[in-house]
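# Overview (structure and organization)
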Amino acid sequence: MSLVLDAAAQDLLFREARTANTFTDEPVTDEQVQAIYDLVKYGPTAFNATPLRVTLVRSAEARERLVNLMSDGNKAKTAAAPLVAILAADNEFHEEFDTLLPHYPQVKDFFTERPSREAFAGRNALLQAAYFLVGVRAAGLAAGPMTGADLDGISKEFLDGDHSALMVVNIGKPGEDAFHPRSPRLAYDEVITTV
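Summary of the structure given here. (Residues numbered from 1 in each chain as written. Predicted model: local features only at pLDDT ≥ 70, side-chain atom pairs only at ≥ 80, totals over all residues. Heavy atoms only, no water.)

On to the pairing of strand β4 (residues 163-172), then. Within β4, nine of the 10 residues are buried, leaving the element largely enclosed by the surrounding structure. With eight bridges connecting them, strand β2 (residues 83-90) and β4 associate as antiparallel partners. Considered in β4, the bridge of Ala85 is made with Val169. The sheet contact formed by strand β3 (residues 142-146) and β4 spans five bridges and is antiparallel. The residue of β4 that forms the bridge with Ala142 is Gly172. (Buried < 20%, exposed > 50% of the residue type's maximum accessible area, 1.4 Å probe, protein only. Helix = DSSP H or I, 4+ residues; strand = E, 2+ residues; numbered from the N terminus. Pairing = 2+ DSSP bridges.)

Following this line, the structure appears as structure tokens:
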């Protein structure tokens, strides 16, 4: 095979990894979350924009408010997960370009209109969210990403008007019967086209 990662790392990050539906009660520490972020922050985005914002839901009161905004099938697992994160797009990401792209100050001029900023922020924050999920796996944890929720309600309840919730992610060590059987995937020739 022509991959650089050894088979164990490939299994950890992709082949054996699954969306977790149950977790042990072992806590997820701030140090683990810091290590995840310090790894995944290097993933590429357009113009080096980093619009992903992560809200960690740790208090019982905040968890209850969040659970009430989840779809019925996601409520129990969100209530029980050791850590829940709201992944959101910062629609005012362009204000960080002085720091993130100092050699190209005129880049801000591309983002004067809010609708174009929201579209750009959403695409790039989703890209970063994928890195975040792989980072959770790299930390030896499991992730349960969910979009089955009132995302507009979550944005209003937990974020300010400049941020849009994209998904909720349960994080922790997988519990008993955490995984459903692996679902099929499309084959190479069903996905890859050469022109």
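A few words on the pattern of salt bridges. Going through the model one piece at a time under the given rule, you end up with 12 salt bridges. We note a salt bridge from Lys41 to Asp38, for which the minimum N-O separation is 3.6 Å. Note on Lys41: relative accessible area 32%, which makes it partly exposed. Glu118 serves as the salt-bridge partner of Arg114, at 2.8 Å between the closest nitrogen and oxygen. (Salt bridge = Lys/Arg side-chain N within 4 Å of Asp/Glu carboxyl O.)

Formed by 27 residues in total, the largest nonpolar core has its most connected members in Leu87, Phe93, Phe97, Phe132, Val136, Val169 and Ile171. Of all the secondary-structure elements, those providing two or more residues to this core are α2 (30-40), β2, α6 (114-138) and β4. Leaving out residues up to four positions away in the same chain, Phe93 has contacts with Ala49, Pro51, Phe111, Arg117, Phe120 and Ala121. Phe23, Ala88, Ala142 and Met146 belong to the second-largest nonpolar core, a separate cluster that totals 18 residues. (Core = buried A, V, L, I, M, F, W, Y, C linked by side-chain atoms within 4.5 Å. Contact = heavy atoms within 4.5 Å.)

It is at 9 Å that the axes of α2 and α6 come closest, and there the two elements cross at 125 degrees. With respect to each other, α2 and α6 are oriented oblique. Pair α2 / α6 crosses with right-handed handedness. Together, Ile36, Leu39 and Val40 of α2 and Tyr131, Phe132, Gly135, Val136 and Ala138 of α6 make up the contact between the two elements. By residue class, the composition of the contact of α2 with α6 is seven nonpolar, one polar and no charged. (Axes fitted to C-alpha atoms, helices over the stretch in contact; angles between N-to-C directions. Parallel < 35°, antiparallel > 145°, perpendicular 65-115°, else oblique. Left-handed = near helix turned anticlockwise from the far one by under 90°. Nonpolar A, V, L, I, M, F, W, Y, C, P; charged D, E, K, R; others polar.)

A sheet is described by the order of its strands in space; here four strands give the open sequence β1-β2-β4-β3, paired in antiparallel fashion. Two strands in the sheet have a free side with no partner beyond their single neighbour: β1 (52-57) and β3. Across the sheet, the mean angle from the axis of one strand to that of its neighbour is 30 degrees, orientation sign disregarded. On top of the sheet, helix α4 (residues 72-80) reaches β2, β3 and β4; it is set at about 145 degrees to β3, its chief contact.

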